[in-house]
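# Close look at the chain arrangement
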Amino acid sequence: MVGVPSRSMCKSKSSTATSPSATAAAKSMARSSTTAPSTSHHRRSPRAATTNGTHPPNHASYNSTSSSLSTASSSAASSLQALKQGSLPDLPLLLTFAELAAATSNFAPSHRLTPASSNSFRCALRGHPAAVFRRALRRDPQEVSARLAVLGHCHHAAIARLYGAAASPDGSLFLAYELVPDAAPLSSLLRGNAHNPAFTPLATWSARLRVAAGACDALSYVHLQAGTVHNRLSSSSLLVCGDGALLRAKIAHFGAADLAGELPPDDDDDDKSKAASARHRRTGSRGRRIEGTRGYMAPEIISGVAPSRRSDVFALGVLLLELLSGEEPVRYDYNKATKDYERTSLIESAEAAAAESGGEGMRRWVDRRLRDSFPVEAAETLTVVALRCVAKDPAARPEMSWVAAKVSKLFLEAQDWADKFRVPTDISVSMAPR
């Protein structure tokens, strides 16, 4: 069983990357605003922010002390009234199976997220568009509510928000998440257009790095602030929405492995994780089932070791290589000469490209749909970071804080590179006769 950590709440994080200049500017503003009221580390609702004296004060309020006190009292009363009216979300929730069944019309095919999936549905939960996923429950259902109370307070701009959970009579766990509007899995954006394989919405270097930076920052938050393991990271679970400067990445299925009971009691210690896996293998015929996606599972996961942060880092490394090359992690191609299928590994092809000097191997390996419009040195750097993440030895893989810092720096450099080589659009040419 997964133990409940001592902390009771996760920290919120609303942005995926912050430049050093922006941080310095914020500190300068904080020093200059000595009269501003102190703020709590916890996030406040927009309604509360507008009713607690944060607006510029009315000059008439300075005429008397009683006038300002009455204004503050009315502000507090309006905040309480807003709370009583339910204007603030009451999520996350320990839902009931009956409520989910009603919201999805008893899990009807018309509510499926995709026609081929019988384990994912779309619906509306208390006014919130939601995506519901079914998972096998491998823990005491009584423990789900305690873990939900912790994970449900974790918020990050690059993580699809967890709305609630419910256990079904047949032993399944249903998890409800926000339904991200106009979002598509990364896998479909890289390889989803069968009619025109040469097209991808992610056709620029800066767009690829923006997605990579968002994914790295989100997984770093999962490990460091949420204190859990994702165990489901892949190009299918990374959602991409928006376009241009509004392009954003969101990790789906946050907390699913934790709530479903797929993690060892103490995932912070790899030795304990291995010991827990050994106990699982000694439980007889009901051994632990290997959970994961082909091509993203670390070698130790395949051998039976329980999921850990280091196995998450491995999956992220594969995802970075996928963003660079546009290729699947593992591909099987039919060879007409040998009349057999040949296996192509993305990790092996990346290692071969990185081993070539002069950058020629990298130019051939990086996704051709970028049309050679990318800085070769930056591509080499990102490839080296990704290959460190997919090291066979779990101890050789870096921490997510290091990976997120490296990729965020590359993203900022990609923006500068794009600005430098952007085609001017403010030049007008007159074709009229003179």
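Quick notes on the rules
- Residues numbered from 1 in each chain as written.
- Predicted model: local features only at pLDDT ≥ 70, side-chain atom pairs only at ≥ 80, totals over all residues.
- Heavy atoms only, no water.
- Pairing = 2+ DSSP bridges.
- Helix = DSSP H or I, 4+ residues; strand = E, 2+ residues; numbered from the N terminus.
- Contact = heavy atoms within 4.5 Å.
- Axes fitted to C-alpha atoms, helices over the stretch in contact; angles between N-to-C directions.
- Salt bridge = Lys/Arg side-chain N within 4 Å of Asp/Glu carboxyl O.
- Buried < 20%, exposed > 50% of the residue type's maximum accessible area, 1.4 Å probe, protein only.
- Polar contact = N/O pair within 3.5 Å; in protein donor to acceptor, adjacent residues only side chain to side chain.
- Parallel < 35°, antiparallel > 145°, perpendicular 65-115°, else oblique.
- Left-handed = near helix turned anticlockwise from the far one by under 90°.
- Nonpolar A, V, L, I, M, F, W, Y, C, P; charged D, E, K, R; others polar.

Moving on: the sheet that holds strand β4 (residues 162–167). Paired through backbone hydrogen bonds, the strands of a sheet run either parallel or antiparallel to each other. Read from one edge to the other, the open sheet built from five strands follows the order β1-β4-β5-β3-β2, with strand pairing classed as mixed. In this open sheet, the two edge strands, each paired with only one partner strand, are β1 (93–94) and β2 (120–125). Relative to the sheet, helix α5 (residues 141–151) contacts β1, β4 and β5 (172–178), its axis offset from that of β4 by approximately 175°.

Now for the pattern of salt bridges. Evaluation of the coordinates by the stated rule reveals 17 salt bridges. A salt bridge links arginine 331 to aspartate 333; the shortest N-O distance between them is 2.8 Å. For arginine 331, a relative accessible area of 25% translates into the label partly exposed. For arginine 363, the salt bridge identified is with glutamate 360, shortest N-O distance 3.3 Å. Here arginine 363 and its partner glutamate 360 are both found in helix α13 (residues 360–365), three residues apart, which amounts to about one turn of the helix. Taking relative accessible area as the criterion, glutamate 360 reaches 43% and is therefore assigned partly exposed. Taken together, the shared-partner salt bridges connect Arg139, Glu143, Arg147 and Asp258 into one network.

For the rest of this paragraph, the subject is the environment of valine 229. With respect to the helices and strands, valine 229 occurs in the loop between α7 (205–224) and β7 (238–241). For valine 229 and phenylalanine 254, which are 25 residues apart along the polypeptide, the C-alpha to C-alpha distance reads 8.7 Å.

Moving on: the side chain of serine 168. Mapped onto the elements of the fold, serine 168 is located in the loop between β4 and β5. With a relative accessible area of 10%, serine 168 lands in the buried category. In terms of polar contacts, serine 168 uses its side chain to reach the side chain of aspartate 170, at 2.2 Å. Residue contacts for serine 168: discarding those within four places in its chain leaves Phe97 and Phe174.

With that settled, consider the packing of α7 against helix α15 (residues 400–421). Running from N to C, α7 and α15 cross one another at 160°; their axes reach a closest spacing of 8 Å. Judged by the angle between their axes, α7 and α15 are roughly antiparallel. Regarding α7 and α15, the two cross each other, and that crossing is left-handed. From α7, Trp205, Ser206, Leu209, Arg210, Ala212, Ala213, Cys216, Asp217, Leu219, Ser220, His223 and Leu224 reach across to α15, where they touch Met400, Ser401, Val403, Ala404, Val407, Leu410, Phe411, Ala414, Gln415 and Ala418. Considered class by class, the residues forming the contact of α7 with α15 number 15 nonpolar, five polar and two charged.

Another aspect to go through is the pairing of strand β9 (residues 330–335). Here β9 pairs with strand β10 (residues 340–345) via six bridges, running antiparallel. Across the sheet, valine 330 pairs through a bridge with serine 345, a residue of β10. Taking the residues that link successive antiparallel strands as the turn, the β9-β10 hairpin has four residues, and the phi of lysine 339 there is positive, at about 55°.

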